[in-house]
There are 2 protein chains.
Amino acid sequence: MSSQLALADLPQIERRTLSETAYDALSDLLASGRLAPGDRLSLRQTAAALGVSVMPIREAVSRLVADGALEVAPNRAVRVPILDAGEFRALAETRMAIEGLAAGRAAERRDAAELAAIRRAEEAFRANAQAPAPDGAKAVALNRDMHFAVYAACGLAPMREIIARLWLKAGPVLNLDLRAHPERLQHGSALRRHAEVLRAVETRDATAAAAAVAGDIHDAADFILSRGGLRGAESS
Amino acid sequence: MSSQLALADLPQIERRTLSETAYDALSDLLASGRLAPGDRLSLRQTAAALGVSVMPIREAVSRLVADGALEVAPNRAVRVPILDAGEFRALAETRMAIEGLAAGRAAERRDAAELAAIRRAEEAFRANAQAPAPDGAKAVALNRDMHFAVYAACGLAPMREIIARLWLKAGPVLNLDLRAHPERLQHGSALRRHAEVLRAVETRDATAAAAAVAGDIHDAADFILSRGGLRGAESS
DNA sequence: CTGCCCGAACTGTGATCACACATCACTAGC
DNA sequence: GCTAGTGATGTGTGATCACAGTTCGGGCAG
């Protein structure tokens, strides 16, 4: 029957639950640094803000708590975790190890299309950073795009999920600062590190790619730590 | 006041929500392989089995879904994911990379107490495996204890959480088989690999520790893949 | 003016109900 | 006899209500 052909062209109707939408919305807030460490979150208030009942919010929040991106205090208050210097350092070291691993694999296995995507992401980040007035919020998103363009080429889906979760935990600490002071993009090392990553991926140099990504993470973490905004922080 | 001293000795009352308890119960079922890939899970039935309402179960299940330990089919049915050969291989490779990393760090940083704990875990696993009639369920638990005794010595809390999540995803596939055929413990390579891990940690040989853990994971994954129980599986 | 205390408002947790949808057995129609 | 439609049953999802606990501010006593 000809109708079969017409039906085959129909796009699948996407079935998203409100919980997923709420999870995405809160994730975005956390990853972009619009929720700062220590900020409290009320189920009812966020439910009202998103125009839904508390149920979808509960599920979204409980997932984020499981990810470590949010925490429930013994008082049962939900808030963005405040990392002390030691926890932040451990998180940064974990990221350096795992994201370095992923970048190394990406350098070895990437194909032409993936390389092109990484190159585009690097260019976009550079264009914004070198602009007369860099956009902090945009820089956060473009930085994320650049990193995940690399990790997408590593060929391991579980690895990408793990890294996404790590970013959820580190996002509030890292990006709050970047949003507030986008000018450090121009003097910071991110630009140079990204160029190193791109070059290593181009030449299939796994060791260099891992070192460049680890260096990028290390520099950013060092900057945050030296600024001393964390509880119990001491420089280096 | 002397009552202050007496009060200080009181252990903290643990405030566990029903959701957490349910999560632990389901995690245990998954990690030990008592829930097999493809098994369906009904919220109402499990709620009745645990003697609670569906609410705590919903939160527990949604967390496990977020971890990838469960999945909701487009039909909205909750079930244990059925990994095809490619997915299983990617998961195994990710585990080899990350758990190898953790083992390497553990070998470098372990202190005497951690070494002793690892040694005890290795002995316990060996004792059960070399018994006339090895206990499959016990072997699963002891194998887990051995691995996590090593990872606990790596000094990075986020790394341990990541590995725990990976085990949740791989558990049903790996341990279902081991529970059914515990006799392969006697001929399998797990015993030898564990001894290699212990030796490497004793001598602080990071490279050897990483290789031994990766080898252990590789051998188990290879065995599962060669057995061909996975969709789209071909040997090696 | 300062300290304590009590109560109102809010928090997350859990139970219960309502709803749209999927599945499957069964039956009426070809 | 076989297919398509129909109903009952069970599913996850979402809303609403009830409750114990916390927090915070206003008012009373010192």
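Residues numbered from 1 in each chain as written. Chains lettered and ligands numbered in written order. Predicted model: local features only at pLDDT ≥ 70, side-chain atom pairs only at ≥ 80, totals over all residues. Heavy atoms only, no water.

Engineer: Where do I start with the environment of Ala107(B) in this structure?
Structural biologist: Residue and element names in this part refer to chain B. With respect to the secondary-structure elements, Ala-107 resides in helix H5 (residues 85–109). When its relative accessible area of 0% is taken as the criterion, Ala-107 is described as buried. Considering only alpha carbons, one finds Ala-107 and Glu-202, 95 residues apart in sequence, at a separation of 7.3 Å. Residue contacts for Ala-107: discarding those within four places in its chain leaves Ala-200, Val-201, Arg-204, Asp-205, Ala-206 and Ala-209. (Helix = DSSP H or I, 4+ residues; strand = E, 2+ residues; numbered from the N terminus. Buried < 20%, exposed > 50% of the residue type's maximum accessible area, 1.4 Å probe, protein only. Contact = heavy atoms within 4.5 Å.)

Engineer: Would you explain the sheet that holds strand S3 (residues 78–79) of chain B in this entry?
Structural biologist: Backbone-to-backbone hydrogen bonds join strands into a sheet, with any given pair of strands oriented parallel or antiparallel. Residues and elements named next belong to chain B. Pairing in this open sheet of 3 strands is antiparallel, and the strands run S1-S3-S2 from one edge to the other. Two strands bound the open sheet, and with one partner strand each, they are strand S1 (40–41) and strand S2 (71–72). Summarising the sheet, S1 and S3 pair through 2 bridges and their orientation is antiparallel. Looking at S3, one finds that Leu-41 is bridged to Val-78. (Pairing = 2+ DSSP bridges.)

Engineer: Can you help me understand the interface of chain B and chain A in this one?
Structural biologist: Where interface size is given, it is often the accessible area lost as the parts come together that is meant. Facing 26 residues of chain B, the contacting portion of chain A comprises 26 residues. Carbon and sulfur atoms make up 58% of the area that chain B and chain A hide from each other, which totals about 2300 Å². The interface formed by chain B and chain A holds 6 salt bridges in total. Across the salt bridge formed by Glu161(A) and Lys169(B), the nearest N and O atoms sit 3.4 Å from each other. Along the contact surface separating chain B from chain A lie 8 residue pairs in polar contact (both at pLDDT 80 or more). Contributing elements (two or more residues each) for the side of chain B that touches chain A: helix H4 (54–67), H5 and helix H8 (157–180) of chain B. Sort the elements by how many residues they give to the side of chain B that touches chain A and H5(B) lands first, with 8 residues. Considered class by class, the residues forming the side of chain B that touches chain A number 13 nonpolar, 2 polar and 11 charged. (Buried area = accessible area lost by both parts, 1.4 Å probe. Salt bridge = Lys/Arg side-chain N within 4 Å of Asp/Glu carboxyl O. Polar contact = N/O pair within 3.5 Å; in protein donor to acceptor, adjacent residues only side chain to side chain. Nonpolar A, V, L, I, M, F, W, Y, C, P; charged D, E, K, R; others polar.)

Engineer: Looking at this structure, I do not really get the protein's contact with DNA strand C. What am I missing?
Structural biologist: Lining the immediate surroundings of DNA strand C are 18 residues, of which Ser42(A), Arg44(A), Arg76(A), Leu18(B) and Ser53(B) lie closest. One of the backbone nitrogen or oxygen atoms of Leu18(B) is found 2.5 Å away from a phosphate oxygen of DNA strand C. Sorting the residues of the surface near DNA strand C by element identifies helix H3 (43–50) of chain A together with helix H2 (18–31) and H4 of chain B as the ones contributing at least two each. When the residues that make up the surface near DNA strand C are grouped by side-chain class, the tally is 7 nonpolar, 6 polar and 5 charged. (Near = heavy atom within 4 Å.)

Engineer: Just to check I follow, could you spell out the sheet that holds strand S1 (residues 40–41) of chain A for this structure?
Structural biologist: Reading across the sheet, the 3 strands line up as S1-S3-S2 (chain A) and stay open at both edges, with antiparallel pairing between neighbours. Edge positions in the open sheet fall to S1 and strand S2 (71–72) of chain A, since each of these has one partner strand only.

Engineer: Where do I start with the protein's contact with DNA strand D in this structure?
Structural biologist: Around DNA strand D there are 18 residues in total, and Leu18(A), Ser53(A), Arg44(B), Arg58(B) and Arg76(B) lie nearest to it. Near the protein, within 4 Å, the atoms of DNA strand D are sugar or phosphate in 59% of cases. Interatomic distance of 3.0 Å between a side-chain N/O atom of Ser42(B) and a phosphate oxygen of DNA strand D. Within the side chain of Gln45(B), a nitrogen or oxygen atom sits 3.4 Å from a phosphate oxygen of DNA strand D. A breakdown of the residues in the surface near DNA strand D according to their chemical character gives 7 nonpolar, 6 polar and 5 charged.

Engineer: What is the right way to look at the relation of the copies chain B and chain A in this model?
Structural biologist: For the pair of chain copies, the relating operation is a rotation around an axis with a shift along it. For these two chains of identical sequence, chain B goes onto chain A by a turn of 180 degrees and a shift of 0.0 Å along the axis, with RMSD 0.1 Å. Such a turn and shift between the copies fits a two-fold axis. Proximity to the rotation axis, assessed at the C-alpha, singles out Arg63(B) in chain B; its C-alpha lies 2.6 Å from the axis. Interface residue correspondence from chain B to chain A reaches 100%, placing this contact among same-surface, isologous pairings. (Least-squares fit on C-alpha atoms with pLDDT ≥ 70 in both.)

Engineer: Sorry, what's going on with the packing of aromatic side chains here?
Structural biologist: Two aromatic rings, taken as a pair, are described by how far apart their centres are and by the angle between their planes. Taken as a whole, this structure holds 4 aromatic pairs over all chains when the rule is applied. Taking the centre distance of 5.6 Å and the plane angle of 80 degrees together, the rings of Phe148(B) and Tyr151(B) count as edge-to-face. Of this pair, Phe148(B) and Tyr151(B) both sit in helix H7 (residues 136–152), 3 residues apart, which is roughly one turn of the helix. The exposure classification of Phe148(B) matches that of Tyr151(B), with both residues buried. Ring geometry for Phe148(B) versus Trp167(B): centroids 5.3 Å apart, planes at 65 degrees, classification edge-to-face. Of this pair, Phe148(B) sits in helix H7 while Trp167(B) sits in helix H8, placing them 19 residues apart in sequence. Here Phe148(B) matches Trp167(B) in class, with each residue buried. Put simply, the rings of Phe148(A), Tyr151(A) and Trp167(A) touch in pairs and so form one group of aromatic residues. In this arrangement the basic side chain of Arg95(A) is found over the ring face of Trp167(A), its NZ or CZ atom lying 5.1 Å from the centre. The ring of Tyr23(B) carries Arg63(B) above its face, with NZ or CZ at 3.8 Å from the centroid. (Phe/Tyr/Trp six-rings, centres within 6.5 Å; stacked < 30°, edge-to-face > 60°. Lys NZ or Arg CZ within 6 Å of the ring centre and 35° of its normal.)

Engineer: I keep staring at the packing of H5(B) against H7(B) and nothing clicks. Help me out?
Structural biologist: Helix-helix packing is described using two parameters, namely the angle between the two axes and the distance between the axes. Residues and elements named next belong to chain B. Packing of H5 against H7 leaves a shortest axis separation of 7 Å and a crossing angle of 60 degrees. The angle between H5 and H7 places the two elements in the oblique class. Together, Glu-99, Ala-102, Ala-103 and Ala-106 of H5 and His-147, Val-150 and Tyr-151 of H7 make up the contact between the two elements. The residue makeup of the contact of H5 with H7, split by class, is 5 nonpolar, 1 polar and 1 charged. (Axes fitted to C-alpha atoms, helices over the stretch in contact; angles between N-to-C directions. Parallel < 35°, antiparallel > 145°, perpendicular 65-115°, else oblique.)

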